[in-house]
Amino acid sequence: MSKECHEKVKKYALVWIGLLLIMTIGSILFFRSEIFLASMAPVSDEDGQEVAILSTEYEGTGNTLRLYVVEGEDRMAEDFAGQLDYAARYSRIKLERASPGEIAGIEPDPYTGLLVSGTAINELDVPAIRRFAELGGRVFIANSFYFSKEWEELLGVETRGGYESFKGMTFNRELFPGYPDFPADTEAFTHSSIQVNLKDTADVWIEAEGNPVFWMNPVGEGKVGMWNSAILTGKMSRGLMIQSLSVLFPAFVSSQAGTEVVYIDDFPAPVPAGTLEGTNLLDQTVSVRDFYKHYWWPDIEAMMDKYGIKLTSGSIITYEDEVNGPFKNMEDSIRQPYVYYGRSLLRQGGEIGYHGYNHQPLVLKNTHVDPQLGYNYWPDENSMRRAVRELKGNVETFFPKQTIETYVPPSNIIDETGIRVLAEELPELRTIASLYIGSSQNGSLIQEFEYDGTYENVFHYPRVTSGYSLSLTDQFQMADVMAHVGIVSHFVHPDDVLDDYRSDGRTWKELSGDYEDLLKNVRTWYPQLKSVTQKEATAAMKAYLQSDVEATFSDGMISIACKGVPETASLLIRLEDGKGLKTGEFEEAEVLEAAEGLYSVRMKKPAAELEILEVER
């Protein structure tokens, strides 16, 4: 080889070595970068349940949402603040507190909001609030009040009367998917409202009997939102609170846990004796046993397969109402339903939970339970313990490889003694699933999504709705919980269909059709949900409540950074009129339009930049 040729080879070799060195350094930097960290990494919760997590150190630049809750000392202000704290926690929204005297010092901009409530709103510094709004700030008034003249221009009021009661609720614009309208003859919503006529500038989102209930009014460069009602002081309206707040801002980002849990309570359990004679379920008389095996369960299984739903069950050993003991081993009598239905449920990826040795709630006499329910009080704690041990032993016989982690109280009723018995007798128990909405006056356990205050291994994960179809109130509850927590948890009982009152005298064809419509509606309204078992939902919720999403807003762009967000979770992004996001599957995220101006975003990587587009509507 000539010297000249040798030099050329040497030169090319040095070039290739340089390129390889650059690629190596680049790879090292890549694998240490946020882009690499943007991939999902599975982590395990304290019980070994794996949850895929999105996390990044990326920090966006631009405006951030700042929400100042103006503190009030009256009962209405305290009730609103308490509901808002829960709603913000579940939506992963940050709040700050401000005294009335600090209002004038808060810097206004389109992503800064003042949230005021209570009976003393007229005593606030109205000129300071006006300046705040005129310079671009957002003001959210959470309840009706007999506003003074200086408030009228801020609120866009033309004329006003006095307080009146208005019933029902009509959404003039879709605030969130699934919210139904309520007629004026409903008992679900009664608003104590000021009778008002509004200026043309006001944008009325919700009304009742023609009177505005929630509206927005532009003030200078800012906006004022007004709730002419007191319903935001109740738990049942937390979703309304978050979604109505979101429409005030140019862009608003909140989070959703993103799971669906579907329950069958009292399953597996002893099958009732007798026939369907006297019911409208079928046009032929068959035994209840044959109805369950050849009609009910095949139809339920087919729906679960069709819609990709995992079931969670609550198992019962006997329907005998014995609370004194001895508690019989029922293995022989429950063998057929447990083997047939239980193993079938497990094959489709479901979870078996506990519902009770029998259907008597774990309560002592010092707990009030509605006597019309016909339940027996347990005589003492030891009797409860013996029954719970028998429950565990029977279930373990048929499902020895299953770790039973979920307990559903019979009729959602349990007291502190019952919870202690469960926690101590079932150390593997991780979830108690009762109710999110309801009254505790009949003994029901009304829960939040949180750890038990005494037993650190026990997590409360309430259910929301029940039945083979939804009433308007049930549909509202489902939508409202989705609107601030982002979950669906629904349950039915096999014997609902056998009871004329609960089934409303309908045929199984009608009931099963209603149930399938319910499942289809959930998928139409909330396509972002992932169907999971209760143990999976609990693990995801624990991670979700520790997560953080940082959203920053700049001209035409939203920057998202996820910190410890479970892969089941999604975001809700609300944009002002005339703005939108491009929908579809992208490298960083999947974007769906949930309603006009409202988008569901499932992150594929923990950092993303979403362009805000001009749209025509």
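Residues numbered from 1 in each chain as written. Predicted model: local features only at pLDDT ≥ 70, side-chain atom pairs only at ≥ 80, totals over all residues. Heavy atoms only, no water.

Caption draft 1: Structural context of the overall build of the protein. Within the protein one finds 14 helices and 32 strands. On C-alpha atoms alone, the protein measures out to a radius of gyration of 28 Å, which is about the 25 Å that the 2.2 N^0.38 rule sets for 617 residues. Among the 617 residues that make up the protein, the fraction classed as buried is 54%. When contacts within the protein are restricted to residue pairs at least 6 apart in sequence, long-range pairs at least 24 apart make up 74% of them. When the accessible surface of the protein is totalled, it reaches about 26,600 Å², and 49% of it is carbon and sulfur. In the protein, 55 side chains carry a positive charge and 94 a negative one; their mean positions are 7 Å apart. (Helix = DSSP H or I, 4+ residues; strand = E, 2+ residues; numbered from the N terminus. Rg over C-alpha atoms; globule rule 2.2 N^0.38 Å. Buried < 20%, exposed > 50% of the residue type's maximum accessible area, 1.4 Å probe, protein only. Contact = heavy atoms within 4.5 Å. Areas by Shrake-Rupley, 256 points an atom, 1.4 Å probe, with all protein chains shown as cover. Lys, Arg positive; Asp, Glu negative; His and termini not counted. Charge placed at Lys NZ, Arg CZ, Asp CG, Glu CD.)

Caption draft 2: Summary view of the pattern of salt bridges. One pass over the structure, following the stated rule, counts 36 salt bridges. Among the salt bridges present, the one from Asp-517 reaches Lys-520, with a minimum N-O distance of 3.7 Å. Residue Asp-517 and its partner Lys-520 are located together in helix 13 (residues 508-525), separated by three residues, close to a single helical turn. When its relative accessible area of 37% is taken as the criterion, Lys-520 is described as partly exposed. (Salt bridge = Lys/Arg side-chain N within 4 Å of Asp/Glu carboxyl O.)

Caption draft 3: Representation of the sheet that holds strand 29 (residues 589-595) within the structure. Taken in spatial order, the five strands make up an open sheet running 13-26-30-29-28, and their pairing is antiparallel. Of all strands in the sheet, those bounded by a partner on one side alone are strand 13 (251-256) and strand 28 (584-585). Strands strand 13, strand 26 (570-575) and strand 30 (598-603) of the sheet are contacted by helix 6 (residues 238-246), whose axis makes an angle of about 45° with strand 26. (Pairing = 2+ DSSP bridges. Axes fitted to C-alpha atoms, helices over the stretch in contact; angles between N-to-C directions.)

Caption draft 4: The arrangement of the layout of surface pockets in detail. Approximately 850 Å³ is the volume found for the largest pocket. Residue assignment for the lining of the largest pocket shows that the elements contributing at least two residues are strand 21 (465-466), helix 11 (472-484), strand 22 (487-492) and helix 12 (500-503). When grouped by side-chain class, the residues that make up the lining of the largest pocket number 11 nonpolar, 13 polar and six charged. Roughly 330 Å³ of internal volume is contained in the second largest pocket. Surrounding the second largest pocket, 18 residues form its lining, Thr-64, Leu-65, Lys-94, Val-549 and Ala-551 being those nearest its centre. Only strand 3 (66-70), strand 13 and strand 24 (548-554) provide two or more residues apiece to the lining of the second largest pocket. Here the lining of the second largest pocket gets five residues from one element, more than from any other, and that element is strand 24. Within the lining of the second largest pocket, the residues separate by chemical class into eight nonpolar, five polar and five charged. (1 Å grid on protein atoms, 1.4 Å probe; cavity = no way out; pocket = protein on both sides within 12 Å on 5 of 7 lines; lining within 4 Å. Points joined across faces, edges and corners; volume = space filled by probe spheres on them. Nonpolar A, V, L, I, M, F, W, Y, C, P; charged D, E, K, R; others polar.)

Caption draft 5: Highlighting the sheet that holds strand 6 (residues 138-141). The eight strands lie next to each other as 4-3-5-6-12-11-10-8, forming an open sheet whose pairing is mixed. Two strands bound the open sheet, and with one partner strand each, they are strand 4 (96-98) and strand 8 (170-171). Inspection of the sheet shows strand 3 paired to strand 4 by three bridges, in the parallel sense. In the sheet register, Val-69 faces strand 4, and the bridge partner there is Arg-97. Packing against the sheet, helix 6 makes contact with strand 3, strand 5 (112-116), strand 6, strand 8, strand 10 (203-208), strand 11 (211-219) and strand 12 (222-227), and its axis sits at approximately 155° to strand 6.

Caption draft 6: Seen up close, the side chain of Arg-92. With respect to the element layout, Arg-92 can be found in the loop between helix 3 (75-91) and strand 4. The charged side chain of Arg-92 is buried without a salt bridge, its nearest counter-charge being Asp-548 at 6.2 Å. A polar contact is formed between the side chain of Arg-92 and the backbone oxygen of Arg-89, at a distance of 2.6 Å. If we ignore the near neighbours within four places in the chain, the residues touching Arg-92 are Ser-255, Tyr-544, Leu-545, Gln-546 and Ser-547. (Polar contact = N/O pair within 3.5 Å; in protein donor to acceptor, adjacent residues only side chain to side chain.)

Caption draft 7: Spatial organisation of the packing of aromatic side chains. In this structure the tally under the stated criterion is 36 aromatic pairs. With centroids separated by 5.5 Å and ring planes inclined at 70°, the aromatic side chains of Phe-267 and Trp-296 adopt a geometry described as edge-to-face. Here Phe-267, found in the loop between strand 14 (259-265) and helix 7 (288-307), pairs with Trp-296, found in helix 7; they are 29 residues apart in sequence, far enough to count as distant. Using a relative accessible area of 4% as the deciding quantity, one classes Phe-267 as buried. The class of Trp-296 is buried, set by a relative accessible area of 0%. Through a chain of ring-to-ring contacts, three or more aromatic side chains come together here, namely Phe-267, Phe-291, Tyr-292, Tyr-295, Trp-296, Trp-297, Tyr-340, Tyr-341, Tyr-468, Trp-508 and Tyr-515. For Arg-160, the ring lying beneath its charged end belongs to Tyr-146, and the centroid distance is 4.5 Å. Just above the ring of Phe-491 sits the side chain of Arg-463; from NZ or CZ to the centre is 4.0 Å. (Phe/Tyr/Trp six-rings, centres within 6.5 Å; stacked < 30°, edge-to-face > 60°. Lys NZ or Arg CZ within 6 Å of the ring centre and 35° of its normal.)

Caption draft 8: Layout of the packing of helix 8 (residues 331-347) against helix 9 (residues 381-398). Between helix 8 and helix 9, whose axes approach to 10 Å, the crossing angle comes to 55°. Comparing their axes, helix 9 and helix 8 come out oblique. Handedness of the crossing formed by helix 8 with helix 9: right-handed. Residues Glu-331, Ile-334, Arg-335, Tyr-338, Val-339 and Arg-343 of helix 8 form the contact with helix 9, whose participating residues are Gly-393, Asn-394, Val-395, Thr-397 and Phe-398. Taken together, the residues that form the contact of helix 8 with helix 9 break down as five nonpolar, three polar and three charged. (Parallel < 35°, antiparallel > 145°, perpendicular 65-115°, else oblique. Left-handed = near helix turned anticlockwise from the far one by under 90°.)

Caption draft 9: Region of interest: unusual backbone geometry. In this structure, the amide linkage connecting Phe-267 to the following residue, Pro-268, adopts the cis form with an omega of -10°. On the secondary structure map, Pro-268 appears in the loop between strand 14 and helix 7. A positive phi angle, near 55°, is found at Ser-411, a position not held by glycine. Examined against the element boundaries, Ser-411 turns out to sit in the loop between strand 17 (406-407) and helix 10 (416-425). Of note, Asp-504 is a non-glycine position whose phi angle comes to about 60°, a positive value. Secondary-structure assignment places Asp-504 in the loop between helix 12 and helix 13. Relative accessible area serves as the criterion here: at 60%, Asp-504 is assigned to the exposed category.

Caption draft 10: Quick peek at the pairing of strand 30. In terms of residue burial, strand 30 counts as a mostly covered element, since six of its six residues are buried. Neither face of strand 30 is open: one carries Leu-598, Ser-600 and Arg-602, the other Tyr-599, Val-601 and Met-603, and all of them are buried. In the sheet, strand 26 pairs with strand 30 via four bridges, with the strands oriented antiparallel. In the strand pairing of strand 30, Ile-573 is matched with Tyr-599. Inspection of the sheet shows strand 29 paired to strand 30 by six bridges, in the antiparallel sense. Bridged to Glu-590 within strand 30 is Arg-602. Counting the residues that bridge the hairpin from strand 29 to strand 30 gives two residues, and of these Gly-597 lies at a positive phi of roughly 80°.

Caption draft 11: A look at empty space enclosed by the protein. For the coordinates displayed, the defined rule picks out four cavities of 30 Å³ or more. Size it by volume and the largest cavity reaches roughly 90 Å³. As for the largest cavity, its lining consists of Asp-266, Phe-267, Ala-269, Pro-270, Val-271, Pro-272, Tyr-292, Trp-296, Tyr-319, Tyr-341, Pro-494 and Asp-495. In terms of residue class, the lining of the largest cavity is made up of 10 nonpolar, no polar and two charged.

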